[in-house]
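Examining the three-dimensional arrangement
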Amino acid sequence: MDALEKLRELLPEEQFEKVKAIDNPELHAFLAEWIEWLEPSKVFVCTDSEEDEQYVRWKALYYGEEKMLETPNHTVHYDNYYDQARDKANTKLLVPGGKEIPFLNTKDRDEGLKEIRELMKGVMKGKELFICFFVLGPKNSIFTIPAVQLTDSAYVAHSEFILYRKGYEEFKRLGRNAKFFRFVHSAGELDERKTSKNLDKRRIYIDLVDDTVYSVNTQYGGNTIGLKKLAFRLTIQKAVKEGWLSEHMFLMRVNGPNGRKTYFTGAYPSMCGKTSTAMIPWENIVGDDLTFILPVNGVARGANVEKGVFGIIQGVNPEDDPIIWKVLHSPVEIIFSNVLVKDGKPYWNEMGVEIPEEGENHSGKWWKGKKDKEGNEIPPSHKNARFTVSLEHFPNVDLEALENPCGVEVGGMIFGGRDKDTWPPVREAFDWKHGVITMGASLESETTAATLGKEGVRAFNPMAILDFMSVPLGEYIENYLRFGEKLRKAPKIFAVNYFLRDENGNWLNHKLDKAVWLKWMELRVHGDVDAIETPIGYIPKYEDLARLFKEVLNKDYSREAYEKQFTIRVPELLAKIERIEKIYREKVKEVPEELFRVLEEERKRLLEAREKYGDYISPFVLERA
Ligand SMILES: Nc1nc2c(ncn2[C@@H]2O[C@H](COP(=O)(O)OP(=O)(O)OP(=O)(O)O)[C@@H](O)[C@H]2O)c(=O)[nH]1
Ligand SMILES: O=C([O-])CC(=O)C(=O)O
Ligand SMILES: [Mn+2]
């Protein structure tokens, strides 16, 4: 039987008409196969209409996956206590023959498909299936990738309406030409709190052959929201094949002198400051997590893959994050997840106001001092608790850049991570290759609560992307290097470190200091200020930073603070090169030879400097040199 005929049998008239209106036999075959397999009791097809979106919002409440809060349009969603972050161990790339690829979690494709299909057979009995259409990137643009999501979680579908551009009309427009991504998700059996119950059978399998991702027995957004980190594995592969970049990066506008607009991207690992940087007062946000960068006529042009924020709420307080704070306290559509709720109000850790001593949170009924099964005290909200909201509600959004079908010219690219003792707060690479290799490909960061497992462990995380890598690392880096060569003027590359600590473990910088680093980088992109040459790149001069601290933050920046922060720490830097080189020599295959050459040059510069100036080199000494 032809797929459309089968769909006619499977769907009520009204829903059938919606899928029939899309002229795409491949889509019809996919839908027919999976509706039959999942056996939902009800199916709803979402078009781009406001009514259909409203239907999904309502169903999230009706089925109890979300609850209303006091403020209109605010809801709260809980994930299972043990389903609060990305599950790296059970997220696998399905590759033919189960080929082992260093740093990638792979599984034999046939076996994986068999396993996941078994887990999903009839999984939607008694449930409603939502079929939703979205696009990655701005609509009808050089960046657009259409995607269809099947899910029995109204919360997941609702999140996607907030985070992505609607794509039903785009599917209709593209018809048979649509090359689309597919996502099949089921939260599986739910407990009385409407959270996924069978976590031992939690699986996220990425089929790189068919551009399809399956996810089951989980609700946490990073494991379930198809267009976010699941699609990311598919777009990385596509980008490397086609010669562009798909990155774990924010995209923002930094406002220079005389109204000058300069766009920056920034790659920091999960929970390492992308959202807080892109949301910094004084500047404008375009995106906070995923960016596509295409070479267009010799220029790197970037676009936000998304149109909303799935942001970390811990630590959001009125002083450091005034813009997010204000939006979270206004009656716009927001899903709060895994926060503390008391009398209809949401609370979270380190919010800078008093928090109730009891209420409901990700552990169920909660009181101060409550312990979990492992004997750990449960904080008011989970460290990885988040908020989901559309960017249109932010007063600082750069809407023109967000919707531009050609994206924006990228002036600078920033890499950074949680590093307590090695990199200075900000520095500029000598050139594209130096930046890609010594900053991007050499990135290390301490692990965070965004993934299940131990926190605070220094880990290799090239380009902040390792969790999502879907091609051999050597190929990915090769693509990056070649990308720069396609450009007439490559973006300047910078590295930042917001997480330096002193001997006693205290932070060396305040959270808002990044505002100054951004202004300095903007000036450097245009050659407006000089810099000090060091063995690891260019660093700011004290006078420039002191002026910017005064102008931007109205703060006095002392010479002592500057010297401490910008000292070149030769032993730590050399040890880092050792670690990184060892990884690329011993673990990664087919590494471009220039990576070793550039690391070797950096080592030589450091050794020479140590010879002349010692282990810890003051920036003032280098400035005089
Ligand atoms: N000490 C310190 N902490 C910071 C700074 N900037 C951000 N943070 C903390 O870093 C954490 C996460 O930052 P986000 O900006 O939300 O992380 P993200 O990179 O957007 O992460 P994902 O959404 O997981 O990809 C929050 O707990 C912040 O409080 C900083 O300059 N210094
Ligand atoms: O995908 C998620 O779960 C949230 C996120 O941005 C990340 O972990 O990098
Ligand atoms: Mn992220």
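Residues numbered from 1 in each chain as written. Chains lettered and ligands numbered in written order. Predicted model: local features only at pLDDT ≥ 70, side-chain atom pairs only at ≥ 80, totals over all residues.

**Here's the deal with the domain arrangement of the protein chain**
To be explicit about the condition: Domain start and end points were adopted from an automatic or database domain assignment. A pair of residues counts as a contact when their C-beta atoms, built from backbone coordinates, are separated by no more than 7 Å. Secondary structure elements follow DSSP: runs of H or I of four or more residues count as helices, runs of E of two or more count as strands, with numbering from the N terminus. When residue character is reported, Ala, Val, Leu, Ile, Met, Phe, Trp, Tyr, Cys and Pro are called nonpolar, Asp, Glu, Lys and Arg charged, and the others, Gly included, polar.
By the assigned domains, the protein chain splits into domain 1 (3-64 + 87-241), domain 2 (246-303 + 400-624) and domain 3 (310-392). Centre-to-centre, using C-alpha coordinates, domain 1 lies 28 Å away from domain 3. Taken together, the contacts link seven residues of domain 1 with eight residues of domain 3. The leading source of residues in the side of domain 1 that touches domain 3 is helix 6 (residues 154-163), at four residues. Grouping the constituent residues of the side of domain 1 that touches domain 3 by class yields two nonpolar, three polar and two charged.

**Regarding the environment of alanine 300**
With respect to the element layout, alanine 300 can be found in strand 17 (residues 299-304). Each C-alpha atom, one on alanine 300 and one on arginine 488, is 9.1 Å from the other, the two residues being 188 residues apart in sequence. Excluding anything up to four places from it in sequence, alanine 300 contacts Ile293, Pro295, Val410, Leu487 and Pro491.

**Some details on the UniProt feature "binding site: GTP" (unreviewed entry) in the protein chain**
The line we're drawing: UniProt positions are given in the numbering used here, feature names are shortened, and annotations may be inferred rather than shown by experiment. Counting other C-beta atoms within 10 Å of a residue's C-beta gives its exposure: the residue is buried at 20 or more, exposed at 12 or fewer, and partly exposed in between, where C-beta atoms are placed from the backbone.
Taking the numbering used here, the UniProt-annotated feature "binding site: GTP" (unreviewed entry) corresponds to Met271, Cys272, Gly273, Lys274, Thr275, Ser276, Arg386 and Arg418. For glycine 273, the position within the fold is in the loop between strand 14 (261-267) and helix 10 (274-278). For glycine 273, the contacting residues outside a window of four places in its chain are Tyr268, Gly416 and Tyr498. Its place among the elements puts lysine 274 in helix 10. Given 29 C-beta atoms within 10 Å, lysine 274 falls into the buried group. In this structure, lysine 274 is in contact with Phe250, Gly266, Tyr268, Asp288 and Asp289, ignoring residues within four places of it in sequence.

**So, helix 6**
Spacing of three or four residues puts side chains on the same side of an α-helix, whose turn is 3.6 residues. Across the 10 residues that make up helix 6, a large majority, 10, are buried. Residues Ala154, Tyr155, Val156, Ala157, His158, Ser159, Glu160, Phe161, Ile162 and Leu163 constitute the buried set of helix 6.

**Overview of the site of ligand 1**
Rules: Nearness here has a simple definition: the residue's C-beta atom, placed using the backbone, must lie within 6 Å of the molecule or strand.
Among the 20 residues in the neighbourhood of ligand 1, the closest are listed as Ser270, Lys274, Thr275, Gly315 and Tyr498. If one sorts the elements of the shell around ligand 1 by residue count, helix 10 sits on top with three residues. A domain-level breakdown of the shell around ligand 1 finds at least three residues from each of domain 2 (246-303 + 400-624) and domain 3 (310-392).

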